[in-house]
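# Fold and contact review
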Amino acid sequence: MERLVIKGKQRLKGATRVNGAKNAAVAVIPASLLTSSQVKIENIPHITDIEWLIEILKALGAKVSRLGKGGLLVDSSGVNSFTPPHELADKFRASYYLMGALLGRCGQVEIPMPGGCNLGPRPIDQHIKGFTALGANVNLEHGLVKIKASKLKGAHIYLDVVSVGATINIMLAAARAEGKTVIENAAKEPEIVDVANFLNAMGARVVGTGTDIIKIRGVPSLGGVEHSVIPDRIEAGTFMIAAAATQGEVLIEDVIPKHLDPVIAKLKEVGVPLEIGPDWIKVLAGNSCSPADVKTFPYPGFPTDLQAPMMVLLTQAPGTSIVSENVFEGRFRHVAELKKMGARIKLEGRAAIIEGGRELISAPLKAADLRGGAALVIAGMISRGETIVEGIEHIDRGYEHLEERFNRLGAKIARKKVTESVFPG
Ligand code: EPZ
């Protein structure tokens, strides 16, 4: 196993570029199964979730090759299976996009219930509701989701909850269905717009993404495409918060600042000095920030994916902050770890009450999910002493070489191979 060893009290300084958005890339790659023509995708991050997806596409019969840094060539003409290998598909959440994509392509799919970060209950009832409305039969048998449709037909679907995954999955299946599909109460995340742009460039007819009503007119076939994935707003936000927490000065390049509006607004509210350019954001060196209340919501609300990093920043703000997690009820597993470092945080239902302004002291920590893991790395960088973070396979699932990139900005983080965990049992 590997762990990170972080020498604390280092200020980040310099410039970094943001990679392509994980949560767009993990949908765009399965979407390439909807055509038998060649698809070229740029700006794909080197992360484990993507490696697993590539393995799955190959196992289904596609030819997939890497093109330099971040490029991917997918030729799905040879796809001859609708059963992604179970041992790969149940490792990560985004494998659920193979449902919509394979249903759209083959009319059927058999896949394990998706795995991924444990953020509390993560049902897929809205995905299933969408597929059923499109005319598919869905059965859950022995942990497998079996979906089959003799013909997919457009339908009017009102989502009960605003769901990124369900919105994209229904879009994928509906792109080649017969007739018109309308998704109401759709999620509005920029990654959904990116997937729609990809589909439309292949010849699909999707309008309304970025609003809560999406209309898809199905087409019989889709063609080849070249597409570049949008920048990762969550990665950008992670670097912004890390810069602010270390009171450093970091230029973050290749971003779409508009996608970060809720994060920019919150960081300004707590007193982090920022400069914003057309495709960059600079965090300027500041003093300790002020406390604030943060409420996570679907886009354009404050992203749940930055709740954990933001909480680390708020541990440094003298006074009381309240962080309310309104998207995933179990997304507080980083709290116990931050408390080991001396942070004063009390959990009350979906709220974390933080008494900030105390120095964090290093401790052995265990990451339990991707963004919580990134938050622990930030906590390590601002704490006194040397912090160990285990469970870093979660971080590698979604950040490309996170510690190397922090190191280039002045952090002191070593990745070490070890045979034993510091945690007993
Ligand atoms: C996506 O997850 C992202 N994952 C998550 O990123 C992100 O945190 C989340 O959207 C919210 O922005 C990918 O894009 C691969 P949801 P997803 O469906 O699609 C409930 C990261 O760290 N719900 O929008 O799984 C659900 O339980 C990750 O990068 C249902 O009730 O999220 C949650 O409370 C982790 N039924 C809420 O909706 C359903 O059928 C929003 O979930 C689907 C969801």
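This report concerns the structure included in the present document. (Residues numbered from 1 in each chain as written. Predicted model: local features only at pLDDT ≥ 70, side-chain atom pairs only at ≥ 80, totals over all residues. Heavy atoms only, no water.)

### Observations regarding the nonpolar core
- One finds I41, L98, M171, L172 and L199 to be the most contacted residues of the largest nonpolar core, which totals 78 residues.
- In terms of nonpolar packing, the next biggest core, distinct from the first, is built from 68 residues, L12, M240, I264 and V377 among them. (Core = buried A, V, L, I, M, F, W, Y, C linked by side-chain atoms within 4.5 Å. Buried < 20%, exposed > 50% of the residue type's maximum accessible area, 1.4 Å probe, protein only.)

### Some details on the site of the ligand
- Every one of the 26 residues lining the ligand counts as a neighbour, but Y96, S163, D305, V327 and R371 are closest to it.
- Taking R93, its side chain carries an N or O atom lying 3.3 Å from an oxygen atom of the ligand.
- Take P123: an N or O atom from its main chain is 3.3 Å from an oxygen atom of the ligand.
- In isolation the ligand has 830 Å² of accessible area, and contact with the protein removes 90% of it.
- Elements with a minimum of two residues in the shell around the ligand: α1 (22-31), α5 (125-133), α6 (164-174) and α12 (370-382).
- In terms of residue class, the shell around the ligand is made up of 13 nonpolar, 6 polar and 7 charged. (Near = heavy atom within 4 Å. Polar contact = N/O pair within 3.5 Å; in protein donor to acceptor, adjacent residues only side chain to side chain. Areas by Shrake-Rupley, 256 points an atom, 1.4 Å probe, with all protein chains shown as cover. Helix = DSSP H or I, 4+ residues; strand = E, 2+ residues; numbered from the N terminus. Nonpolar A, V, L, I, M, F, W, Y, C, P; charged D, E, K, R; others polar.)

### Side note on the sheet that holds strand β8 (residues 144-148)
- The 3 strands are arranged β6-β8-β7 in an open sheet whose pairing can be described as antiparallel. The outermost strands of the open sheet, each flanked by one partner alone, are β6 (108-112) and β7 (137-141). Direction aside, the axes of adjacent strands within the sheet are offset by 15° on average.
- One ladder, built from 5 bridges, connects β6 with β8; its direction is antiparallel. (Pairing = 2+ DSSP bridges. Axes fitted to C-alpha atoms, helices over the stretch in contact; angles between N-to-C directions.)

### A look at the sheet that holds strand β13 (residues 225-228)
- Read across the open sheet, the 4 strands follow the order β4-β5-β3-β13; overall the sheet is mixed. Every other strand in the sheet has two partners, leaving β4 (63-67) and β13 as the edge strands with one partner each. Each neighbouring strand pair of the sheet contributes to a mean axis angle of 15°, computed without reference to strand direction.
- Judged from the 5 bridges that link them, β4 and strand β5 (residues 71-75) form a sheet pairing that is antiparallel. When the sheet's bridge partners are listed, S65 is paired in β5 with L73.
- Its contacts with the sheet put helix α2 (residues 48-60) on β4 and β5, and the angle it makes with β4 is roughly 145°. (Contact = heavy atoms within 4.5 Å.)

### Regarding the packing of helix α8 (residues 233-245) against α12
- In the contact formed by α8 and α12, the axes pass within 10 Å of each other and the chain directions differ by 20°. As summarised for this structure, α8 and α12 are arranged roughly parallel, according to the angle between their axes. When you trace α8 past α12, the crossing you get is right-handed. Judged by residue contacts, I234, T238, A242 and A245 of α8 engage R371, A374, I378, M381 and I382 from α12.
- Per-class residue counts for the contact of α8 with α12 are 7 nonpolar, 1 polar and 1 charged. (Parallel < 35°, antiparallel > 145°, perpendicular 65-115°, else oblique. Left-handed = near helix turned anticlockwise from the far one by under 90°.)

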